[in-house]
Amino acid sequence: MSRYISEHRKKLLDDLTVAGRENSQAAVMFHSAVAARMGLGPSEEKTLDLLQRRGPLSAGEIVQHTGLAPASVTGLIDRLEAKWYVRRVRDARDRRRVMVEINPEMLHGGEDLFATLVNGLAELYEGYTDEQLELILDFLNRVTAIQTAATAEIS
């Protein structure tokens, strides 16, 4: 059964695809530049971001949040640890469990790399109503879930 799609909707869907790809490219290039300034790869930099937002995580939890393969996450943690960005520590509640936590001294001053982006986004958000921001937030949360699932399938 075919479903009629108006020309306007086709154009919107095409424009969304292009805009999504351009946004993805801009995000990857930004984080690649930040990672390079820090002496890291992009996956390493984004894992540090994850640990900053979520706090200490086990390797398995990093796998869940990133969609990366367990072997990839083990190597990633090894590289971050070798560069002193993270350390492995025993979980205080379960001494058998190993957690990965950020070495905060290594990130001192790193917020300067994000100042232009953070300030620009704050200005952008000012132009939207609360209802529009709720819609944007819903869209971003759903896109993130789809992208994480796609990453896990590839990994």
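Note that the structure is predicted; figures quoted are calculated from it, not measured.

**Student:** Explain the packing of aromatic side chains residue by residue, including any values.
**Tutor:** Going through the model one piece at a time under the given rule, you end up with 1 aromatic pair. Consider the rings of F30 and F114, whose centres lie 5.6 Å apart with planes at 70°: the pair is edge-to-face. Residue F30 is located in helix α1 (residues 7–38), and its partner F114 is located in the loop between β2 (98–102) and α5 (115–126); the two are separated by 84 residues in the primary sequence. The exposure class of F114 is partly exposed, given its relative accessible area of 23%.

**Student:** So what's going on with a nonpolar patch on the surface? Residues and values would help.
**Tutor:** On the surface, a cluster of nonpolar side chains totalling about 750 Å² of accessible area is made up of L117, L121, L124, Y125, Y128, I136, F139, L140 and V143. Among the elements of the structure, α5 and α6 (130–154) are those that each provide at least two residues to the nonpolar patch. Looking at the secondary structure, you find L117 in helix α5. Given a relative accessible area of 35%, L117 falls into the partly exposed group.

**Student:** Please set out the nonpolar core residue by residue, giving values where relevant.
**Tutor:** Formed by 19 residues in total, the largest nonpolar core has its most connected members in L48, I62 and Y85. Elements that contribute at least two residues to this core include exactly α1, α2 (42–54), α3 (59–66), α4 (70–82) and β2. Here this core gets 4 residues from one element, more than from any other, and that element is α4. Those residues in contact with I62, other than ones at most four positions away along the chain, are T47, L50, L51, L57, G67, V73, I77 and V100.

Cut-offs applied
Residues numbered from 1 in each chain as written. Predicted model: local features only at pLDDT ≥ 70, side-chain atom pairs only at ≥ 80, totals over all residues. Heavy atoms only, no water. Phe/Tyr/Trp six-rings, centres within 6.5 Å; stacked < 30°, edge-to-face > 60°. Helix = DSSP H or I, 4+ residues; strand = E, 2+ residues; numbered from the N terminus. Buried < 20%, exposed > 50% of the residue type's maximum accessible area, 1.4 Å probe, protein only. Patch = residues over 30% accessible without salt bridge, like charges linked within 9 Å, V, L, I, M, F, W, Y side chains within 5 Å. Areas by Shrake-Rupley, 256 points an atom, 1.4 Å probe, with all protein chains shown as cover. Salt bridge = Lys/Arg side-chain N within 4 Å of Asp/Glu carboxyl O. Core = buried A, V, L, I, M, F, W, Y, C linked by side-chain atoms within 4.5 Å. Contact = heavy atoms within 4.5 Å.

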